[in-house]
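Below, each chain spelled out in residue letters.
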Amino acid sequence: MSSESLHAPRERLSKHALRLHHALVSLIEELDAVDWYRQRADDTEDEALKGLLLHNMREEMEHASMLLEWIRRSDTDFATHLKTYLFTEKPILEIESDAEGNGKPGAHGFTVGTLRDENR
Ligand SMILES: [Fe+2]
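Nothing here was measured: the structure is a model prediction, and the numbers come from that model. Residue positions are given per chain, counted from 1 along the sequence in the order it is written. Local features in this predicted model are restricted to residues whose pLDDT is 70 or higher, and side-chain atom pairs enter the listing and the counts only when it is 80 or higher, whereas totals over whole chains, interfaces and linings include all residues. With hydrogens and water set aside, each side-chain value is computed from the structure's full complement of heavy atoms.

Visitor: What is the right way to read the coordination of the iron ion from this model?
Guide: Where a metal carries four tetrahedral donors, each ideal angle is 109.5 degrees; where it carries six octahedral donors, the ideal angles are 90 or 180 degrees. Distances decide who is a donor: an N, O or S atom must be within 2.8 Å of the metal, or within 3.2 Å for Na, K and Ca. Water is not included, so sites may look incomplete. Surrounding the iron ion are the protein donor atoms Glu30 (OE), Glu60 (OE) and His63 (ND1), at 2.0 to 2.1 Å. Counting the intervening residues between successive donors of the iron ion yields the motif E-x29-E-x2-H. Here the residue Glu60 and the residue His63 both occupy positions in helix H2 (residues 47-74), the gap between them amounting to three residues, near one helical turn. Residue class for Glu60 comes out buried when judged on its relative accessible area of 15%. When a residue's accessible area, from a 1.4 Å probe over protein chains only, is under 20% of the maximum for its type it is buried; when over 50% it is exposed; and in between it is partly exposed. What makes His63 partly exposed here is its relative accessible area of 28%. Helix numbers and strand numbers start at the N terminus; a helix is a DSSP run of H or I with at least 4 residues, a strand a run of E with at least 2.

Visitor: Where do I start with the packing of helix H1 (residues 15-43) against H2 in this structure?
Guide: Relative placement of two packed helices is described by the angle separating their axes and the distance separating the axes. Taken N-terminus to C-terminus, the directions of H1 and H2 make an angle of 160°; their axes are 8 Å apart at the nearest point. Between H1 and H2, the crossing angle belongs to the class labelled roughly antiparallel. Classified by chirality, the crossing of H2 by H1 is left-handed. Looking at the contact of H1 with H2 residue by residue, the class counts come to 18 nonpolar, five polar and seven charged. Think of each axis as a best-fit line through the C-alpha atoms, taken over the contacting stretch in the case of a helix, with angles from 0 to 180 degrees between the N-to-C directions. In what follows, roughly perpendicular refers to angles from 65 to 115 degrees, roughly parallel to angles under 35, roughly antiparallel to angles over 145, and oblique to any angle outside these ranges. Handedness of a helix crossing follows the sense of rotation of the near helix relative to the far helix, less than a right angle counterclockwise being left-handed and clockwise being right-handed. Polarity classes work like this: nonpolar for Ala, Val, Leu, Ile, Met, Phe, Trp, Tyr, Cys and Pro, charged for Asp, Glu, Lys and Arg, and polar for all others, with Gly in that last group.

Visitor: In this structure, what is going on with H1? I would like to understand it.
Guide: Given 3.6 residues per helical turn, the α-helix brings residues three or four places apart onto the same face. To estimate how far a helix should extend, the number of its residues minus one is multiplied by 1.5 Å. A rise of 1.5 Å per residue sets the reference length of H1, with its 29 residues, at 42 Å; its end C-alpha atoms lie 42 Å apart and thus fit the reference within 8%. In this description, contact between two residues means that some pair of their heavy atoms is separated by no more than 4.5 Å. Those residues of H1 that are buried are in contact with H2.

Visitor: I would appreciate a short explanation of the nonpolar core in the present structure.
Guide: Looking at soluble globular proteins, one finds that nonpolar side chains tend to be buried together. Remark: nonpolar core denotes a set of buried residues (Ala, Val, Leu, Ile, Met, Phe, Trp, Tyr, Cys) joined through side-chain atoms within 4.5 Å. Grouped together as the largest cluster of nonpolar side chains are six residues: Leu20, Ala23, Leu27, Ala64, Leu67 and Ile71. For this core, the secondary structure elements donating two or more residues are H1 and H2. Contacts of Ala23, omitting those with residues within four sequence positions, involve Leu67, Trp70 and Ile71. Counting residues in each nonpolar core, the second largest holds five residues, with Val34, Leu53, Leu54 and Met57 among its members.

Visitor: Explain the environment of Ala99 here, please?
Guide: Along the chain, Ala99 turns up in helix H4 (residues 92-101). With relative accessibility at 5%, the residue Ala99 sits in the buried group. Considering only alpha carbons, one finds Ala99 and His81, 18 residues apart in sequence, at a separation of 9.9 Å.

Visitor: Explain the pattern of salt bridges here, please?
Guide: Side chains that differ in sign of charge can pair as their charged atoms come close. We define a salt bridge as a contact between a side-chain nitrogen of Lys or Arg and a carboxyl oxygen of Asp or Glu at a distance within 4 Å. For the structure shown, the criterion picks out four salt bridges. Note that Arg72 is salt-bridged to Glu69, the shortest N-O span being 2.6 Å. Taken as a pair, Arg72 and Glu69 lie in helix H2 at a separation of three residues, close to a single helical turn. Looking at Glu69, the relative accessible area reads 27%, which means it is partly exposed.

Visitor: So what exactly am I meant to see when it comes to the environment of His22 here?
Guide: Its place among the elements puts His22 in helix H1. The class for His22 is partly exposed, based on a relative accessible area of 34%. Spatially, the C-alpha atom of His22 lies 10.0 Å from that of Leu67, the residues being 45 residues apart in sequence.

Pasting the structure below:
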């Protein structure tokens, strides 16, 4: 049960924190599944089983991507970071440096989203 992994009393958490928790725990589970399927596929000698495990791994990647998109749409801080780093080509640390140096809302700055009372 996901409430077992809460780190504060449930009644003290905002609706946003609880929804984000459910999405993050689910994302972690999907990423674990990707890792497990990948390793088992590499470890098996049976080509049919390998194909099935890789197929399942790709499905878990799809599930993880869907959750990440939900997180992006639901959390402005995540959205800011994802917008900064995803689907870019420059060296990642250079992107961070640019984001901070240019004074863009970005990698480690305050965002308006952190100030909003999100559906308490
Ligand atoms: Fe899944």
